[in-house]
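Fold and contact review
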Amino acid sequence: PRPPSRRVWDASVTAVTAARRATSFRRDSAGQGRGGGPAGFVHQVVRPIFEAILTARSEQTAHAHSYEVENYDDWNETFWRRKGGLDELHTLGGEKIFAQPPADRWSYVLRADWHRFLVQTPRKTHRELRWWWCLLAANRRIFLLHAATFFFVAAWTMPFVETKSWDYNGWDSSRILALFWLLAPASALFGRSFERWARDTEQSRARLSIAYMQMLGMSSLCAYVLWLQSFIPLDSFRKQSLGDAGWNQIVGASVLLAMMGLPALYFEIASPTPPERDALDARPFFERRMGDTFGGRTKWFSRDKRTGLPRLTQEVWDVMALTSFWLLVWSLKLACARLLLLPLLLESHSAIVNALPLSSYTAVYGSSLAAQLLLRLQPRMMLRASLQLLLWATGGAIYIADTLGWYQLVLGVWGGYLGLQKHGVAPAGHYFGPSFYSRLRAHAQAKLLLSLAATREEVTGLVEAAAAGGGRGERGRAAGVPPRRVREAWHTMWCNLVDDLYGRCLLSAEEADSLRRERATAIRSAEAVRRLRFFSRSLESRDMPSSNGALQAPGLSVLVPVYAEPILPQLPPDWQRDVCGIPEGAELPHKHVLDAPTLQFLQSDFDLEWRELLTRLSDTSTVPTPLHRLMRTRTWAAERLQTVYRTIAGMMKHREALRMLLEAEVPGLSVAEREALLDLKTRLVVAVQTYANHHIDPSKSNATDDYSRADVELLMERYPRGLCIAFIQRVDGDPAFPNGRFYSCLVDGTRRGPGGELEMDPDTPGLLEPTFRVELPGFPVLGNGKSDNQNMAVHFTRGTLIQAIDCNQEGYLEESLKLCNVLREFDLPIPGGGPPAIVGFREHIFSGLGTLGAFAATAELVFGTLVQRTLSRPLWCRYHYGHPDVMDKLALVAQGGLSKATKGLNLSEDIFAGMDAQLRGHNIVHKEYFQVGKGRDMGSISILQFFSKLSQGTAQMSTSRQALRLGQRLSLGRLLGFYYTHIGYYAGQLHYYHASFLLLALALTGGLLDATAALPGAFPPSAALFNGVFGAVSLLFFAFNLLPSFLALLTDEGISAAVAKPLQAILTFSPFFFVMQSRCIGHFFSLEFAVGGAKYIPTGRGLAISHTPFHEVYATHAASCLYPGAELLFLLCSVLFLALLRGQPLNPWSVGFAAITPAALLLGPSLFNPHALRTPEGLDDLRRFLLWLVRPTRPGGGYDPTHAWADFHQERADAKRSVKWGAFLLPSKELLLSLPLLLASHLAMAPYGWGPLQLLLLATPLTAAAAIDVLLMPPLILYSAISHRLYLRPAMAQASASARIELLAALCCGITLAAECLHWPALDAAGLVTKPHSLPIPHGLLLCATRYFSFRWTCNAGLYWSAGCNLRAVEKIDPPGAHTPGAAVRCARLVPDALGYVFALTAAGFLFLADAALGLAVQFFFLAGGLIPGSALWHYGILGFSRKVRETANKQRRLRSTTTTLVWLAGKMAAEKAAAERARGGRGGGTRAKHRSARDTAQMI
């Protein structure tokens, strides 16, 4: 940068003048009345649009399909284009507005007919379907690439297989090449069909027609080639030559097919789809720049400024790096498939075919087409085909799943190498010597204070000194000595930085004094060492630009959304008395009071800092009164928890840092002028949504409590300038607005009384008087609350940039000193383009408590450094992930705002800003020299719930128009990066589970078919894939989870931490947690596609040191972990038993890795729950679990799965209401296994006299349904006839609410199961079954497996059917409050209602038995483990709790036990006293005496 000229000083004077005028304007216009000022635009334009949108959305939600409901993007795109958009906007008189001259349109807009424009005319510009089709259509190029490479590797491998079961008339693998060319047209036809359905335009219809013609032509050619190959053997073809008819036909058709297929394959995979001509979001920057480069519009080579030699331009290097990355990934993948996966698949396929060859039956059935078809319909042939289908489904699942593993492995190595190249290995140690000070001083002066240099020589000297690491520059001693002004400014900044660390109790007085004097010292606080080390290393980063100074820095607003998070928690009364000296009886109350375990944890985990605080509290000169000590202790605790105070105090350091820089740059400014200039440079806007009442119902209020408002006032007093509170306020009393008027208000601390006190709102007690009120068109919270909270406060931000910060983050002063460097990023253009629109930075996770907190912190470290570093470059697919990104406000507001808030679509609201920015042609970069602190979840449930929110939000995002358009318009390399970083990561976890399940299911099916002689010889080929692949896939899964952690820690914390932390993670069962996390991600990702219902889950910000009851753990993890774990355990044990029985060898590595997954899923939820191995907690959990099973539903409506099993079950059943009733017919793993197992049972049990009736009873729960129908339905029908005139539905609702009928249904199901198992002799006497002792063990295992998977499918089908037919009819035909239908209608509905309810009760009964058995089994395992001496201490060590935390937990547990005993004694004494008073004749006063005696007893205790 050039030294500042006179124009810079003139600009500073102009800025100060503008600041004065802005302050004067704010003072003059402050306090404008509610509704005051010109509101014509709000009332005449904005409010009609708002009301029209509300009307349209309410009507569509009630009547239209979900994919027809318009959302924010539809209305936004309505204003994008003239044709089909603004040209249809008319006035109330019918005049076209855009047909008028441009100068006259404004007056017409005030009379626009918005209801006709937005409500009567459909404005749906893109249909979002919550199903897998959206994901497949948007990313069909990726799945086509997988299918094409799978075909290619299979054709490559087929000639090398030793035992072939295929000949294809001698053509071998050449036969499938004809089918290979059909992949591209089939993919194009599917994609164009979906695009035509999603948006019906002329262009989409034309593309679909082309796809139809292409598919028709190529399929005809393919059929012709296959027909020729079936009649002309390969040997005959080789003997022919040019001129022979057969040779000419085959060669000509094959060449023509290849000539059509190759371009189709290339354009379908590698070529983006051209956008519509009038689209605004069709200019991705990288693709536009790459098109200019390869189109010859930009140069490939440039001259090196130093050497003058030609070199490749940065644009070409970027394309080469992106291509090299994906070539490496796919090379590893294809090599693994060629050498391992495909040989096993093809050999297993051949072995299965050779086990039952068709040739042995041809002599019996004949060779005609009808005979061959009849042969293939025989049970054994169908069984062989089913096993082959299962084999190839398993191979396909593995082939799709391992792509994510190879991607993340290469990503980790590539990102780790880039990190080592940029930063090197992190230094270790707590010692700071002279070399540290000299390097820090030199780099800080060159990067932070370069704008203070007055001449070019001074600039050069500072830069050379930094390059020399604090030594002398090339020009000698004079060049290495910085100017006095720079030295004084750095000394001031360094002293303030040390004072900040000292104020946080991170340094002792001696350490602080040594640092100020730059003397060698050893610092004890690990947090202080970390901050200073990162500050020093970041200044040495070559990615960090030099600062142009605070005067030339653009304005920045920090936006923090707050809902109900604690601002400044209060200490408990005993701590106020004992620690702070507050007199007894004068303790200060508060809504958010820290409990004793939390404070004792802070004492133990921050022991050094706590002792430093106590030392300072004893100094009466700095904290003279108990109230001062109380406030100091409150702030000390709040700075170490996830509180709003910690966030505000940290982000206000931006203003403090800019103040220091301005003092150095413009020392002549007065304090008032400097503060006015700072008002223009930085502002912290805290959007406290619940500060005032803004509830839509006038009879209700959602305002926060008085204590939180007092905390807000305390913050405004502590930070009188720069801190602004934005909130929504509802004002009633205007007859023109019966629903009230809503205002967006801002309190900025300028409204003060004569004594400097903050003015209060005269109309609303306890509320600060707003400086500005902006009227809103209506109730502003229409979508997700956090997004609406941000959008409500955007118009109060100042400057051109916004930093998005969450209220669980914090800032550091040393990082704020680099703020001018950060803001300069928006002045630096990217090669071939303009400046970035979003600049992302890393985060430091400060909530690393225990094992789970360490896992979350390490994962966030990897994502914030190594992953995003590689996503930014070379993959060019880094998007907006929320915080702490700095964004160009104008660019983001122009594309629709910071966040989108449509429910059911924008749950992950942050990423849409990045997706829209990419589509609009903006750039997004990531830098690592700046960081903020962030708190994350620390408990097992909260961590996995956070991932469930991300998974469901990503599933919603995959259905959006942004995902589809990125899939169409990105180049292949960038599309692969976007997919596997976002959607593919979550879908990949589902693929890993499916691959593990199918490998075991394939081995089990083959083993059962072999052992029961249904298909002899099927076990070895079925187990071959398990032996050869399972260990490799599992090893790849754990490798890409651990290797990036090692490389990220190596560059961030040093070699010792990089080795110790992954090893410690393995020893503390991190593989178990990774498996749980992966399964939860996959489960909730698929659940959103299946039933929907995603909702915002707030981040868990408490300390996970307390025990969670087992029934809550079970209700949270049952569907995602426990059920799959039980299935995998059953499959694995069955495979091991069959292997021992048949003598089939199994790979020990595969068995070991296969055992990890069910163990992790079954034991992990309780293993990571504190105190799970303590016998008292285990017995209490057992009692609570049994009560949870039998407790009735929660009164008052709604479901609470942790309250009762009935709520838990009804919530899952009701989720299927939004699903079509035929959804159970779709392919599923239960259906995939139950069909071949039923065929096997038919073949295996035919010698024992089994027929269709036995198979029907085996596959369906008809006996249980009949028992429920006979025993439970007659009383229910009789009750409905008496109470509801034979109307069954109210009786059904009442019976289900009590939860007794589900228990009775479970009893019926249990009795029928026991009867089927215990009464085989009676059934055998009737000639139905065979005695159990005459059945071989494999046959019994086959029957158990068949019954389990068939019952799973039938129960699931029953839930879908009853919910889809019966309950949907209740909603549509009989809404709440509707009259009872007539007698004919009631009688007509009686039978279908009863059948649906019987199906639902049967499914509920079996699910109850399964939940009870599974829950008790897991609890008994941990109860038995708790009996082992030392198991509880071992468990504490696994969770990473320190000794003091364990002691705290034990004290709290004993206190809870004592409190329970005392409360029981108090209740008993009160009851005895009340009974005595009643015995004395105290009539009418018994209740009062009971309450009075209970109160007296409690006070005495």
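Residues numbered from 1 in each chain as written. Predicted model: local features only at pLDDT ≥ 70, side-chain atom pairs only at ≥ 80, totals over all residues. Heavy atoms only, no water.

1. Things to note about the overall build of the chain
Looking only at helices and strands, the chain has 60 helices and 14 strands in total. Considering the chain as a whole, with its 1501 residues, one finds that 55% of them fall into the buried category. Intrachain contacts of the chain at a sequence separation of at least 6 include 80% that bridge at least 24 residues. Carbon and sulfur atoms provide 62% of the accessible area of the chain, an area that totals close to 63,200 Å². (Helix = DSSP H or I, 4+ residues; strand = E, 2+ residues; numbered from the N terminus. Buried < 20%, exposed > 50% of the residue type's maximum accessible area, 1.4 Å probe, protein only. Contact = heavy atoms within 4.5 Å. Areas by Shrake-Rupley, 256 points an atom, 1.4 Å probe, with all protein chains shown as cover.)

2. Notes on the nonpolar core
Counting 273 residues, the largest nonpolar core has Trp326, Tyr407 and Leu1025 as its most contacted members. When residues in this core are grouped by element, the largest group, 18 residues, is from helix α41 (residues 983-1011). Listed in part, the 26 residues of the second largest apolar core include Val685, Leu776, Phe796 and Leu892. (Core = buried A, V, L, I, M, F, W, Y, C linked by side-chain atoms within 4.5 Å.)

3. A few points about the side chain of Arg869
Residue position: Arg869 is located in helix α35 (residues 850-872). Here Arg869 falls in the buried class, since its relative accessible area comes to 5%. What Arg869 contacts, discounting residues up to four positions off in sequence, is Gly415, Gly416, Leu418, Gly419, Lys422, His423, His926, Glu928 and Thr1051.

4. A few points about the pattern of salt bridges
When charged atoms on two side chains of opposite charge get close, those side chains can pair. What the rule picks out here adds up to 75 salt bridges. Note that Asp200 and Arg205 form a salt bridge whose closest N and O atoms lie 2.6 Å from each other. Asp200 gets classed as partly exposed once you look at its relative accessible area, which sits at 45%. Across the salt bridge formed by Arg741 and Asp734, the nearest N and O atoms sit 3.2 Å from each other. On the basis of relative accessible area, Arg741 is assigned to the buried category, the value being 10%. (Salt bridge = Lys/Arg side-chain N within 4 Å of Asp/Glu carboxyl O.)

5. So, a nonpolar patch on the surface
A contiguous nonpolar surface patch, about 320 Å² in accessible area, is contributed by Leu420, Val425, Ile1055 and Val1059. With respect to the helices, strands and loops of the structure, Ile1055 is situated in helix α43 (residues 1055-1067). (Patch = residues over 30% accessible without salt bridge, like charges linked within 9 Å, V, L, I, M, F, W, Y side chains within 5 Å.)

6. Quick word on the packing of aromatic side chains
Applying the stated criterion to the full structure yields 69 aromatic pairs. Note on Phe432 and Phe436: the rings are 4.7 Å apart at their centroids and 70° apart in plane angle, and the pair reads as edge-to-face. Pair check on accessibility: Phe432 and Phe436 agree, each one buried. When the ring of Phe855 is compared with that of Phe1074, the centres are 6.1 Å apart and the planes differ by 40°; the resulting orientation is tilted. (Phe/Tyr/Trp six-rings, centres within 6.5 Å; stacked < 30°, edge-to-face > 60°.)

7. Some points on the pairing of strand β8 (residues 741-747)
For β8, the tally of buried residues reaches 7 of 7 residues, placing the bulk of the element in the interior. On β8, burial covers both faces: Arg741, Tyr743, Cys745 and Val747 on one face and Phe742, Ser744 and Leu746 on the other are all buried. Pairing analysis gives 7 bridges linking strand β7 (residues 723-731) to β8, with the strands arranged antiparallel. Opposite Arg730, over in β8, you have Phe742 as the bridge partner. (Pairing = 2+ DSSP bridges.)

8. Some thoughts on the pairing of strand β12 (residues 838-845)
With 8 of 8 residues buried, β12 lies mostly within the body of the structure. Pairing analysis gives 2 bridges linking β12 to strand β13 (residues 886-888), with the strands arranged antiparallel. Its bridge partner being in β13, Val839 is matched across the sheet by Val886. Bridge count between β12 and strand β14 (residues 924-934): 7 bridges; the pairing is parallel. For Val839, the partnering residue across the bridge sits in β14 and is Val925.

9. What about helix α51 (residues 1262-1271)?
One turn of an α-helix holds 3.6 residues; hence residues three or four places apart share an orientation. Considered for burial, the residues of α51 that qualify are Ala1264, Ala1265, Ala1267 and Ile1268. Buried residues in α51, looked at end-on, bunch into an arc of 160°, giving them a common side. (Arc of directions from axis to C-beta.)

10. Some remarks on the side chain of Gln642
When you line up the elements, Gln642 lands in the loop between α27 (626-638) and α28 (644-651). For Gln642, a relative accessible area of 7% translates into the label buried. A polar contact of 3.1 Å, which involves the side chain of Gln642, links it to the backbone oxygen of Arg936. (Polar contact = N/O pair within 3.5 Å; in protein donor to acceptor, adjacent residues only side chain to side chain.)

11. Brief notes about the packing of helix α42 (residues 1019-1052) against α43
How two helices sit against one another is set out by the angle between their axes and by the gap between those axes. Taken N-terminus to C-terminus, the directions of α42 and α43 make an angle of 150°; their axes are 7 Å apart at the nearest point. Between α42 and α43, the crossing angle belongs to the class labelled roughly antiparallel. Judged by the sense of rotation from one axis to the other, the crossing of α42 with α43 is right-handed. Contacts between α42 and α43 pair Leu1042, Phe1046, Leu1049 and Leu1050 from the former with Ile1055, Ala1057, Ala1058, Val1059, Lys1061, Pro1062 and Ile1066 from the latter. (Axes fitted to C-alpha atoms, helices over the stretch in contact; angles between N-to-C directions. Parallel < 35°, antiparallel > 145°, perpendicular 65-115°, else oblique. Left-handed = near helix turned anticlockwise from the far one by under 90°.)

12. So, the sheet that holds strand β5 (residues 556-562)
Two pairing modes exist for strands in a sheet, parallel and antiparallel, and in both the strands are linked by backbone hydrogen bonds. Read across the open sheet, the 10 strands follow the order β9-β8-β7-β6-β5-β10-β13-β12-β14-β11; overall the sheet is mixed. Edge strands, defined here as strands with exactly one partner in the open sheet, are β9 (772-776) and β11 (809-810). Contacts between helix α32 (residues 785-793) and the sheet are confined to β5, β6 (682-688), β7 and β8, with β5 contributing the most and set at about 145° to the helix.

13. Concerning the confidence of the model for the chain
Residues at a pLDDT of 70 or more form 85% of the chain, whose mean pLDDT is 84. Taken as a whole, residues 25-38 scores under 50 in pLDDT and shows 23 contacts with residues more than four places along the chain or in a different chain. Here residues 1364-1379 scores under 50 on pLDDT; set against residues more than four positions off or in separate chains, the count is 27 contacts. (pLDDT = per-residue confidence, 0-100.)

14. Some thoughts on the environment of Val1190
Counting through the fold element by element, Val1190 comes out in helix α47 (residues 1175-1190). Residue classification places Val1190 among the partly exposed residues on the basis of a relative accessible area of 37%. Considering only alpha carbons, one finds Val1190 and Leu1303, 113 residues apart in sequence, at a separation of 7.2 Å. Those residues in contact with Val1190, other than ones at most four positions away along the chain, are Arg1300 and Leu1303.

15. Quick notes on the environment of Arg277
Examined against the element boundaries, Arg277 turns out to sit in the loop between α12 (245-269) and α13 (285-294). With a relative accessible area of 84%, Arg277 lands in the exposed category. As a C-alpha pair, Arg277 and Gln203 span 74 residues in sequence and 9.6 Å in three-dimensional space.

16. Let's talk about unusual backbone geometry
Residue Pro874 is reached from Arg873 by a cis peptide bond, and omega for that bond is 20°. If you check the backbone angles, Cys505 has positive phi at about 65° while not being a glycine. Relative to the helices and strands, Cys505 is located in the loop between α21 (484-503) and α22 (509-516). Among the residues examined, Cys505 registers a relative accessible area of 2% and is labelled buried. In this model, Phe1069 sits at a positive phi of 65°, which is unusual for a non-glycine residue.

17. Some points on helix α31 (residues 706-718)
When the terminal C-alpha atoms of α31 are compared, their 18 Å separation across 13 residues agrees well with the 18 Å that a helix rising 1.5 Å per residue should span. The complete set of buried residues in α31 reads Ser708, Arg709, Asp711, Val712, Leu715 and Met716. The buried residues of α31 occupy an angular sector of 155° when projected down its axis, which confines them to one face. In this structure, the buried residues of α31 make contact with α27, α28, β7 and β8. (Expected span 1.5 Å × (residues − 1).)

18. A short note on the packing of α42 against helix α46 (residues 1148-1167)
Close contact between α42 and α46 brings their axes to 8 Å; oriented N to C, the two are set at 55°. Looking at the two axes, α42 sits oblique to α46. Once α42 is placed against α46, the crossing between them reads as left-handed. Here Phe1026, Asn1027, Phe1030, Gly1031, Ser1034, Leu1035 and Phe1038 of α42 lie close against α46, whose contacting residues are Ser1150, Val1151, Phe1153, Ala1154 and Ile1156. Residues belonging to the contact of α42 with α46 are distributed by class as follows: 8 nonpolar, 4 polar and no charged. (Nonpolar A, V, L, I, M, F, W, Y, C, P; charged D, E, K, R; others polar.)

19. Observations concerning the environment of Phe1421
Looking at the secondary structure, you find Phe1421 in helix α57 (residues 1383-1426). A relative accessible area of 48% means that Phe1421 is categorised as partly exposed. Between the alpha carbons of Phe1421 and Leu1163 there is a distance of 8.9 Å; along the sequence they are 258 residues apart.

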